[in-house]
Amino acid sequence: MSREVGAKKWGISRIGMYLFLSVISLFSLFPFYWMFVMATRPSSAYNSIPPTVIPGNQLVGNFQKVLDMIPFFQSLLNTLIVCLTVTIVVLFISSLAGFAFAKMKLPGKNMLFFIILFTIVIPPQLGLIPQYLLVAKSGLLDHLFAAMILFFLNPLGIFLMRQYVSEAVPDELIEAAKLDGCSNFRIYRSIVLPIILPAFATLGIIVFTSVWGEFLWQFTVLRDPESYTIQVALASLNNTFKVDFGMLLSGVFWATLPLLIVFLLFNKLFISSVAEGSIK
Amino acid sequence: MVSLDENQKKVQSKRFSSEEMKNILSGYLYISPFFIIFAIIGLYPAIFSLILAFQKWNGLGEMEFVGLNNFKVILSDPLFWKSVYNTIILGLMGTAPQLVVGLVLAFLLNLTYLRFKAFFRVTIFMPYITSMVAVALVFSVFFSNNETALVNYLIGLFGFDPVNWKTSEWGAKIAISTMVFWRWLGYNTIIYLAGMQSISNELYEASKIDGASKLQQLRHITIPLLKPFILLTVFFSTVGAMQLFTEPTVFLGNTAFARDEAMTVVMYLYRDAFKLSSFGTASAAAIVLLLFIVCASAVNMMLTQGFGKNRRGR
C-alpha cells in the first residue's frame, strides 16, 4: 500500500509509537534473558547490587543441582508422553466427530453439537474433587493415564474440526466416494483426513501447549516425584525453606528452552494457530 | 414388467434405508467418544459435586447429609470472603489493563507503515508459550521480599522503600497481576490483530476520504467491528481470572495455603479438600464458584456490549 499522504515519516507520534512497542518488547523479552542469566550464576549473584545482568559460568553447576533435587529428565519424558498421547487422542476424536457433524445426516445432530459447545462453560474445578476420587478409587493416582484423562475431553477441538471439515471438504467429493461404495470410515481416512491436515497442525499446537503448561490437575493426582510432569517438578523446586535462586531459574530455563526453540522455529504456525483457534 | 419394476424399487428402497441406518449408526459412533468421556469425567463429577456439597465428608468415613450447612459454613468464613475479594481484585488488576494495552498494541501492529512488524509480533507473543508455573517461578525471584531483589532494587532507584512482595496485601496482588499481564498480553494482542485484519480496508479508505482521523477510525470503525473479538477475550479472561490458582500457589511456594493475601477461591476450595479433608465444604465452594463465574461473565458481557457502540445512536 502506498504511504499515507501527508503522514510525516518520522513525526513525534511515530517515534513515540516505536518507543512504546520497544518498551513492550523489552518487557516481554527481559524475563527470558534474566532466566538465562540467573541459570548461569551462583545463588549469591542474586544478592549483588546492582543486580547482575551478565551471564556467569554456573550453567552446568546449577543444572547439576536441579538434577539432584528433581528427576528432571524423567519429568520431561513424562510430560512428553502425556502431551503426545493427549494430542493424538484429541485429534482423532475431534476429527471423527467433526466429520460426522459437518457431513453426515444425523437426527438430533444440532442439539448434540449444542451440548458439546455448552460444556466449554463448565469450569474444570467444579468436578475436581469427584474426579480426584474417581482416579484414586481406580488406583490410578501417580499413573500418567490419570494425568491425561481430563484432557481427552476437548469441546473446542470438535468445534474447530467441524468448522474446518464443512469449509474445506467439498460435498461432491463425499457424494462421489459414496457412489463408489466407500464406507464412512474409508471416506474419513482417505478423503477427509488428507484435506484437514493443516487443521491438525492448528489444533495439535493448541492442545499440546495447553497440556504442557497444565498444573492444577497434575498437582492433584501426581504425588510421587517419579510420576511428576515437568510443571509439578518445577513447582516443587520453590517449596524448600531457603530457595537457591540459581538452581530454581536453571530448572525453569531448561524446562522452557525446548518449547522456546520450537516456537522460534515455527512462530508463524504458533501465532496463526492461536488466532485461528479463537476466531473459528 | 410393472411388478418387477416395483419389486426392484422395493428392494432398492429397503436396501437404501438399511444403508442409511448404518450410516446414521456410524455417525453416532463417531461422535460417541466425546459423550462417553464427558459422562465419566464431566457429568458424573459435576453431579457428584452437587451431592457432595450437601454432605459432611472427610473422604474416608460415612457421608452425612447436612443440608445447607456447608454453604452456611463457607459463607460465614471470613477467609472465604477474603478469597472472593482477592479473586475479583486480581482479576481486575490482571486482565483489564491487559485488554486495553492489547487493543492499542494490535492497532499499532496493524498499521501498514509499521516496520519490524514480525519482530514485535513474535516478542510480544513469546510469553504466552511459557507455562504459568515457569512464569510464577521467574516472577517469584523478581518479586522476592529480599531488599536486593530486582524489583525492589528498581523501585529503590526511584526512592521507594523495598516491599515485602510475598507477605503484604498489595505486594502479592501487584506481583501476581503483573505475571498474568505479562503472560496473556501477547495472546490477546494476537486475537485483536486477527480480528482487525478481517476488517475490510475499504472502510478505512472511505473514512479517510471523509476526513476521519486515526483516532476517529479507531473509535468508529475498528472497535465496533472488533466487538465479537473483544467479547471473546473478555469472556475468556473473566473465566480464567475466576479460576486463578497456579500463579499464586507457585509464586508463594510452601506458604501458599498458610497466608491470605493472595488466597483465591480455587485455592480456598483446594485447601478445604486436599489440606483439610473437608470435601463437603470444598464442593460447596465449587458450586459457589460456578455461580460467580456465571454472574461475572454475564455482567462483563453486558458491560462490553455497551462498549464501542456507535455514538450516533444517542
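In the annotation of an unreviewed UniProt entry, chain B is listed under the name Sugar ABC transporter permease and assigned to Psychrobacillus glaciei. Per UniProt, the comment on chain B under Subcellular location (unreviewed entry) is "Cell membrane". In its Sequence similarities (unreviewed entry) section, UniProt records this for chain B: "Belongs to the binding-protein-dependent transport system permease family."

As recorded by an unreviewed UniProt entry, chain A carries the name Carbohydrate ABC transporter permease and is attributed to Psychrobacillus glaciei. Of chain A, the UniProt comment under Sequence similarities (unreviewed entry) reads exactly: "Belongs to the binding-protein-dependent transport system permease family." The UniProt entry for chain A carries the following text under Subcellular location (unreviewed entry): "Cell membrane".

Asker: What exactly am I supposed to notice about the packing of helix α9 (residues 184–195) of chain A against helix α10 (residues 197–212) of chain A here?
Answerer: Packed helices, taken two at a time, are described by the angle their axes make and the gap between the axes. All names here are of chain A. Relative to each other, α9 and α10 sit at 60 degrees, their axes nearing to 4 Å. One element, α9, and the other, α10, form an angle in the oblique class. The segment α9 lies against α10, with L193, P194 and I195 engaging L197, P198 and F200. Partitioning the contact of α9 with α10 into residue classes produces 6 nonpolar, no polar and no charged.

Asker: Looking at this structure, I do not really get the side chain of S28 of chain A. What am I missing?
Answerer: With respect to the element layout, S28 of chain A can be found in helix α1 (residues 12–39). Excluding anything up to four places from it in sequence, S28 of chain A contacts T123, I124, P127 and W182 of chain B.

Asker: Can you help me understand the domain arrangement of chain A in this one?
Answerer: Domain annotation of chain A identifies domain 1 (2–58) and domain 2 (70–239). Computed from C-alpha atoms alone, the centre-to-centre distance between domain 1 of chain A and domain 2 of chain A is 37 Å.

Asker: Can you walk me through unusual backbone geometry in this structure?
Answerer: Negative phi values dominate among residues other than glycine, just as trans dominates among peptide bonds. All names here are of chain B. Phi at F116 takes a positive value of approximately 55 degrees, unusual for a residue other than glycine. Considering the arrangement of structural elements, one finds F116 in the loop between α3 (78–109) and α4 (117–125). Judged by relative accessible area, F116 falls into the exposed class, the value being 58%. The backbone phi angle of S277 is positive, close to 50 degrees, even though this residue is not glycine. Among the secondary structure elements, S277 is positioned in the loop between α12 (265–275) and α13 (279–306).

Asker: Looking at this model, I keep getting lost on the interface of chain B and chain A. Mind explaining?
Answerer: Where interface size is given, it is often the accessible area lost as the parts come together that is meant. Taken together, the contact between chain B and chain A spans 93 residues of the former and 91 residues of the latter. Of the roughly 8,500 Å² buried between chain B and chain A, counting both surfaces, carbon and sulfur atoms make up 79%. Area buried by chain B at its contact with chain A is led by Y30, F34 and I129 of chain B, which between them contribute 10% of it. Seen at the junction of chain B and chain A, the total is 0 salt bridges. In this assembly, chain B and chain A are joined by 12 residue pairs in polar contact (both at pLDDT 80 or more). In terms of residue count, the dominant contributor to the side of chain B that touches chain A is helix α1 (residues 2–52) of chain B (20 residues). Here the residues of the side of chain B that touches chain A are counted per class, giving 70 nonpolar, 18 polar and 5 charged.

Cut-offs applied
Residues numbered from 1 in each chain as written. Chains lettered and ligands numbered in written order. Predicted model: local features only at pLDDT ≥ 70, side-chain atom pairs only at ≥ 80, totals over all residues. Heavy atoms only, no water. UniProt positions renumbered as here; feature names shortened; annotations may be inferred. Axes fitted to C-alpha atoms, helices over the stretch in contact; angles between N-to-C directions. Helix = DSSP H or I, 4+ residues; strand = E, 2+ residues; numbered from the N terminus. Parallel < 35°, antiparallel > 145°, perpendicular 65-115°, else oblique. Contact = heavy atoms within 4.5 Å. Nonpolar A, V, L, I, M, F, W, Y, C, P; charged D, E, K, R; others polar. Domains from an automatic or database assignment. Buried < 20%, exposed > 50% of the residue type's maximum accessible area, 1.4 Å probe, protein only. Buried area = accessible area lost by both parts, 1.4 Å probe. Salt bridge = Lys/Arg side-chain N within 4 Å of Asp/Glu carboxyl O. Polar contact = N/O pair within 3.5 Å; in protein donor to acceptor, adjacent residues only side chain to side chain.

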